[in-house]
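A structural walkthrough
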Amino acid sequence: QVQLVESGGGLVQPGGSLRLSCVVSGLAFSSYVMSWHRQVPGKERELVASITRFGGTTNYADSVKGRFTVSRDNAKNSVYLQMNSLKPEDTAVYYCKANRMGSYDYWGQGTQVTVSS
């Protein structure tokens, strides 16, 4: 049973910070590229950040570059998204995804991030 369990979402003021966590079970975690995506109602889900198996390569959407940091801890089967300098336009449901070539995409349930004063 593959599970991706997310936590850390909530309400934060503009300029504030949140740290999202995604704990993965049921797969060989270090074999998977991990990524974070977000979705606003009525819009397509977009890639926010990704990180390769051992953290050697990270990629970010232009809209979050310099503000967000993705990391992983393979010993804990976990991936994180540190979000700083948050803006109202960052408000979305954030999803964790695990992927490897030739396999299924596995998704978390999503966690709500709301940036508002």
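Summary of the structure given here. (Residues numbered from 1 in each chain as written. Predicted model: local features only at pLDDT ≥ 70, side-chain atom pairs only at ≥ 80, totals over all residues. Heavy atoms only, no water.)

Section: the pairing of strand E3 (residues 18-25)
- Taken together, the five bridges between strand E1 (residues 3-7) and E3 define a ladder with antiparallel strand orientation. Within E3, the position partnered with Glu6 by the bridge is Cys22.
- Of the pairings in the sheet, the one linking E3 to strand E8 (residues 78-83) comprises six bridges and is antiparallel in character. Within E8, the residue paired with Cys22 across the bridge is Val79. (Pairing = 2+ DSSP bridges. Helix = DSSP H or I, 4+ residues; strand = E, 2+ residues; numbered from the N terminus.)

Here we look at the side chain of Ser50
- Along the chain, Ser50 turns up in strand E5 (residues 46-51).
- When its relative accessible area of 14% is taken as the criterion, Ser50 is described as buried.
- If sequence neighbours within four positions are ignored, Ser50 has contacts with Met34, Ser35, Thr57, Thr58, Asn59 and Val70. (Buried < 20%, exposed > 50% of the residue type's maximum accessible area, 1.4 Å probe, protein only. Contact = heavy atoms within 4.5 Å.)

Regarding the sheet that holds strand E7 (residues 68-73)
- Judged by pairing direction, the sheet is antiparallel, and its four strands sit side by side in the order E1-E3-E8-E7 without closing on themselves. Of all the strands in the sheet, the pair left with one neighbour each is E1 and E7. On average, each strand axis in the sheet is inclined to that of its neighbour by 15 degrees, with strand direction left out of account. (Axes fitted to C-alpha atoms, helices over the stretch in contact; angles between N-to-C directions.)

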